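Given next are the chains, with one letter for each unit.
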Amino acid sequence: MAESLDNPTQKRWGRVAKMALGGATAMCGLMGVCGYLGFLDDTQGNILNNFGGDDGLIESMSDMAIAIARFMLALTMFATFPMESFVARHAIITLFYGGQWDDDDNDENVTGIDRSSRVTISLFVAALIPSMLLHDLGVVLALAGTVGGSYLSYIAPGLIYLAVNGERFLALTERYVIAGGENARRRDLDEGDLPVAGEAGIKIEAPEQGHAPWWYYPLLFPLWTYVAKSKRNEGGGPPPGEAAGDAVAARKSHHGDGNEGMVMSPFSSMSTEAEELPDASAGDFVVAIFFVVFGVVATVAGLYSLFVSGD
């Protein structure tokens with residue numbers, strides 16, 4: 001999708017992503033609110049079950065409309081499953097096999113089935129078994145929305161934003177949290193602090209170091225700083241000061257043309273020209289952390305409602 005843009009830059013891709021996610025959020029919110037207002041506390045996980053017609057008999061136009069809606073839902077799942085399986089397979093091979101779709105020479109393959117086919121079959125079986133055991137789609141939708149929806153929509157984006165902009169977050173934390181504000185209590189050395197000739201025994205007073213405030217731990221700053229340091233500790237991304245084009249060229253020189261059995265990023269052809277992208281602000285990090293906290297709270301509340309307080 002990124003390659004379909006006329007000028008695929010990060011800024012233009014960000015604008016497309018915001019418009020797509022904003023439109024999807026508005027449509028899903030409208031559908032969800034209207035559905036809930038129709039049945040309130042009696043709303044089921046699969047709202048189509050609220051309309052009855054489970055006996056399969058079509059005795060009115062209302063039953064016909066519900067039957068068509070169920071058919072469209074099944075058709076949607078039929079078309080969605082291959083796309084979701086493709087994404088899941090791509091993620092598994094990238095994470096666990098370094099993007100290598102074919103077996104290595106030293107791999108012991110007793111099945112005679114290549115790696116991509118084995119992952120595909122495993123994903124299909126993992127989805128087939130629950131579908132044969134569960135008869136209430138509402139439970140599946142509720143569990144998927146509680147765990148998968150919260151993680152993909154709130155937790156993962158917030159953590160990824162912290163990790164990608166980790167250096168900026170650590171700098172802001174050091175300046176405003178540890179140091180205690182924009183005017184830090186640290187005092188820089190000047191010429192008056194240096195020992196003069198014949199007074200070598202004079203000690204230089206070290207600059208005053210900042211201390212974490214009492215709310216540093218209740219607000220989980222150790223966790224956020226750990227996430228911010230994760231990308232740096234893993235060596236992700238080009239070194240500071242290295243252009244994206246240089247990093248791509250280095251990878252190509254090391255792996256040939258970069259396409260030999262490797263899973264290429266959709267941004268591999270994105271323009272590497274210098275872009276004036278604004279630095280992440282403190283407000284951006286507040287929103288990212290709020291997303292993570294909100295996602296965790298939503299997950300816990302959803303699981304509690306589904307398994308503890310549910311009928």
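Residues numbered from 1 in each chain as written. Predicted model: local features only at pLDDT ≥ 70, side-chain atom pairs only at ≥ 80, totals over all residues. Heavy atoms only, no water.

### Quick word on the overall build of the protein
- Helix and strand content of the protein: 8 helices and 0 strands.
- Along the protein, helices and strands appear, N-terminal first, in the series α-α-α-α-α-α-α-α.
- Out of the 311 residues belonging to the protein, those deemed buried represent 17%.
- Taking the contacts inside the protein whose residues are at least 6 apart along the sequence as the reference set, 64% of them involve residues at least 24 apart. (Helix = DSSP H or I, 4+ residues; strand = E, 2+ residues; numbered from the N terminus. Buried < 20%, exposed > 50% of the residue type's maximum accessible area, 1.4 Å probe, protein only. Contact = heavy atoms within 4.5 Å.)

### Some thoughts on the packing of helix H2 (residues 61-97) against helix H3 (residues 115-133)
- Where H2 contacts H3, the axes come no closer than 10 Å and their chain directions differ by 125 degrees. By the angle class used here, H2 and H3 are oblique. Considering the relative orientation of H2 and H3, their crossing is right-handed. Counting all contacts with H2, which are made through Phe81, Ser85, Ala88, Arg89, Ile92, Ile93 and Tyr97, the residues of H3 involved are Arg115, Ser116, Val119, Thr120, Leu123, Phe124 and Ala127.
- Along the lines of polarity and charge, the residues of the contact of H2 with H3 split into 9 nonpolar, 3 polar and 2 charged. (Axes fitted to C-alpha atoms, helices over the stretch in contact; angles between N-to-C directions. Parallel < 35°, antiparallel > 145°, perpendicular 65-115°, else oblique. Left-handed = near helix turned anticlockwise from the far one by under 90°. Nonpolar A, V, L, I, M, F, W, Y, C, P; charged D, E, K, R; others polar.)

### Description of H3
- Its 19 residues place the ends of H3 28 Å apart at the C-alpha level, agreeing with the 27 Å of an ideal helix rising 1.5 Å per residue.
- The inward-facing, buried residues of H3 contact H2. (Expected span 1.5 Å × (residues − 1).)

### Some details on the side chain of Thr299
- The residue Thr299 is located in helix H8 (residues 282-308) in this model.
- Taking relative accessible area as the criterion, Thr299 reaches 15% and is therefore assigned buried.
- Among the polar contacts listed, one links the side chain of Thr299 to the backbone oxygen of Gly295, at a separation of 2.8 Å.
- Residue contacts for Thr299: discarding those within four places in its chain leaves Thr146, Ser150 and Ile155. (Polar contact = N/O pair within 3.5 Å; in protein donor to acceptor, adjacent residues only side chain to side chain.)

### Thoughts on the environment of Tyr161
- In this structure, Tyr161 sits in helix H4 (residues 137-164).
- In sequence terms Tyr161 and Ala280 are 119 residues apart; their C-alpha atoms lie 9.4 Å from each other.
- The residues touching Tyr161, leaving out its near neighbours within four places in the chain, are Ala280, Asp284, Phe285 and Ala288.

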